[in-house]
Amino acid sequence: MPPDSISSIYLDYNATTPLDPRVLEEMTSYFAENYGNPSSIHSPGSVARAAVDSARERVSDYLGARPGEIVFTSGGSESNNFAIKGLAYALSDRGNHLVTTAVEHASCLETFRFLERSGFEVTYLPVDSFGLVSPDQFREAITERTILVSCMYVNNETGVISPIRDIGEIARERGVVFHTDAVQALGKMEINLADLPVDMASFSSHKICGPKGAGALYVRKGIGLEPFVHGGGQERGKRSGTENVAAVCGFGYACELLCAELETENERLGKLRDRLFEELSRRVGDVYLNGHPDARVSNTLNVGFPGTPGDSVVMNLDTAGVAVSTGSACSEGNVDPSHVLIAMGLKEQEALCSVRFSFGRFTRSEEIDRVIELLPAIVERIRTLQDF
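Each value, and the rule that gives it
- Residues numbered from 1 in each chain as written.
- Predicted model: local features only at pLDDT ≥ 70, side-chain atom pairs only at ≥ 80, totals over all residues.
- Heavy atoms only, no water.
- Pairing = 2+ DSSP bridges.
- Helix = DSSP H or I, 4+ residues; strand = E, 2+ residues; numbered from the N terminus.
- Axes fitted to C-alpha atoms, helices over the stretch in contact; angles between N-to-C directions.
- Contact = heavy atoms within 4.5 Å.
- Salt bridge = Lys/Arg side-chain N within 4 Å of Asp/Glu carboxyl O.
- Buried < 20%, exposed > 50% of the residue type's maximum accessible area, 1.4 Å probe, protein only.
- Polar contact = N/O pair within 3.5 Å; in protein donor to acceptor, adjacent residues only side chain to side chain.
- Phe/Tyr/Trp six-rings, centres within 6.5 Å; stacked < 30°, edge-to-face > 60°.

Thoughts on the sheet that holds strand 4 (residues 121-125)
Strand order in the open sheet formed by seven strands is 2-8-7-6-5-3-4, with mixed pairing between adjacent strands. Every other strand in the sheet has two partners, leaving strand 2 (70-73) and strand 4 as the edge strands with one partner each. The average undirected angle you get between the axes of adjacent strands in this sheet is 20°. The pairing of strand 2 with strand 8 (residues 215-219) spans four bridges and is classified as antiparallel. What sits directly across from T73, in strand 8, is G215. Packing against the sheet, helix 6 (residues 164-173) makes contact with strand 5 (146-150) and strand 6 (177-181), and its axis sits at approximately 160° to strand 6.

Quick notes on the pattern of salt bridges
Applying the stated rule across the entire model yields 26 salt bridges. Of the charged contacts in the structure, one is a salt bridge between D274 and R273, with a shortest N-O distance of 3.0 Å. Here D274 falls in the partly exposed class, since its relative accessible area comes to 31%. Using a relative accessible area of 9% as the deciding quantity, one classes R273 as buried.

Topic: the pairing of strand 5
In terms of burial, strand 5 is largely enclosed, as five of its five residues are buried. Looking at chain direction, strand 3 (residues 97-101) and strand 5 are connected through three bridges and run parallel. Across the sheet, residue H97 finds its bridge partner in strand 5, namely T146. Direction of pairing for strand 5 relative to strand 6: parallel, over a ladder of three bridges.

Things to note about the environment of T16
Structurally, the position occupied by T16 is in the loop between strand 1 (9-10) and helix 1 (21-27). Exposure remark for T16: the relative accessible area of 17% places this residue in the buried category. Setting aside anything within four residues of it in sequence, one finds T16 in contact with Y10, H206, K207 and K212. A distance of 2.7 Å separates polar atoms of two side chains, one belonging to T16 and the other to H206.

Observations concerning the side chain of E78
Its location among the elements puts E78 in helix 3 (residues 76-90). E78 gets classed as buried once you look at its relative accessible area, which sits at 11%. E78 has contacts with T73, F228, V229 and R239, leaving out every residue within four places of it along the chain.

Remarks on the pairing of strand 8
For strand 8, the tally of buried residues reaches five of five residues, placing the bulk of the element in the interior. Here strand 8 shows two buried faces, one formed by G215, L217 and V219 and the other by A216 and Y218. Where strand 7 (residues 200-204) meets strand 8, five bridges bridge the pair, whose relative direction is antiparallel. The partner of M200 across the bridge, within strand 8, is V219.

Remarks on the packing of aromatic side chains
Scanning the model with the defined rule gives four aromatic pairs in all. The interplanar angle of 55° and the centroid separation of 5.5 Å between the aromatic rings of Y10 and Y13 together place this pair among those described as tilted. Both rings, one in F72 and one in F251, keep their centres 6.4 Å apart while their planes meet at 65°; by these two values the pair is edge-to-face. You can see F72 sitting in strand 2 and its partner F251 sitting in helix 7 (residues 245-283), a full 179 residues away along the chain. Comparing F72 with F251 shows no difference in burial state: the two are buried.

Take a look at the structure:
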């Protein structure tokens, strides 16, 4: 079981996950006993270097990559920034056109907007009502000036899975570098980068019951990037700064734990997700699914309750000891509707009435039972009290 938390029922795994006690145990010695700097040539430094190298092998083995293709970062947002900015500046002499979608994570969208202010041109492709982008749209958007295509693997708000293989094959045919934000795919589906037409992919430790403060960018051999962080030349000159040894080791072990648990965990979580939606549809009524009914990961359920502001549902559930979200954790506290749901064609009021439930390793069936018991009365009370 995870460490004690403020909420007794935690259903916001897409925002972050509880740290697995096994991962914490793996990390412990690197906080105090093995405190060396991996760049130092003395014995304490050599111990730290060996730990970082071992973690890199664990991550690369799980992802089907070479160890030298894994660059450790502080997390998914840095990985996305590094991939997009690093590639754009490295290839700016070849072109200035970039292609992405309207439903990317903020760490990608804001990076593209920054590059637009720096003189690059960006095409933002729309999605359909299920949140899916068509590979043909990428084919039509790519021009002779296009140097980068970026599309997230799994959407953090809806769990919708993008057709990454088809998009990557189109990019490869056209000689364009392809990046995917795979932060929400890690731990929810098998990833074999040796078999995927992907040139760069972003990952984060704290989405897989690992520690915060560690992530990775996969950079296929032969892809050149302008360094994002300059300094001492760590990570083979790609990302300077002393490595967060404890967090990196925790990330590596968290990836190793996924190997034995992925298939059975997906089946278990899919059953919990489907039961929650079926019971809410039956007991609450007037509930709609946001996202694709099939092309989505097993742990995510995004639903709308008409006439019921999502933030009110979140607050009422929190009072009852249940933690859920209205969508992206990075946008919590923002009264604006989800850009993902708006891009899918929902009206502003519909988007504001949506709630995301996301499950994970420590979610239990009895916790879903409790939510099913609580939520109908909460929705009814909110609908009675508010004219929305």
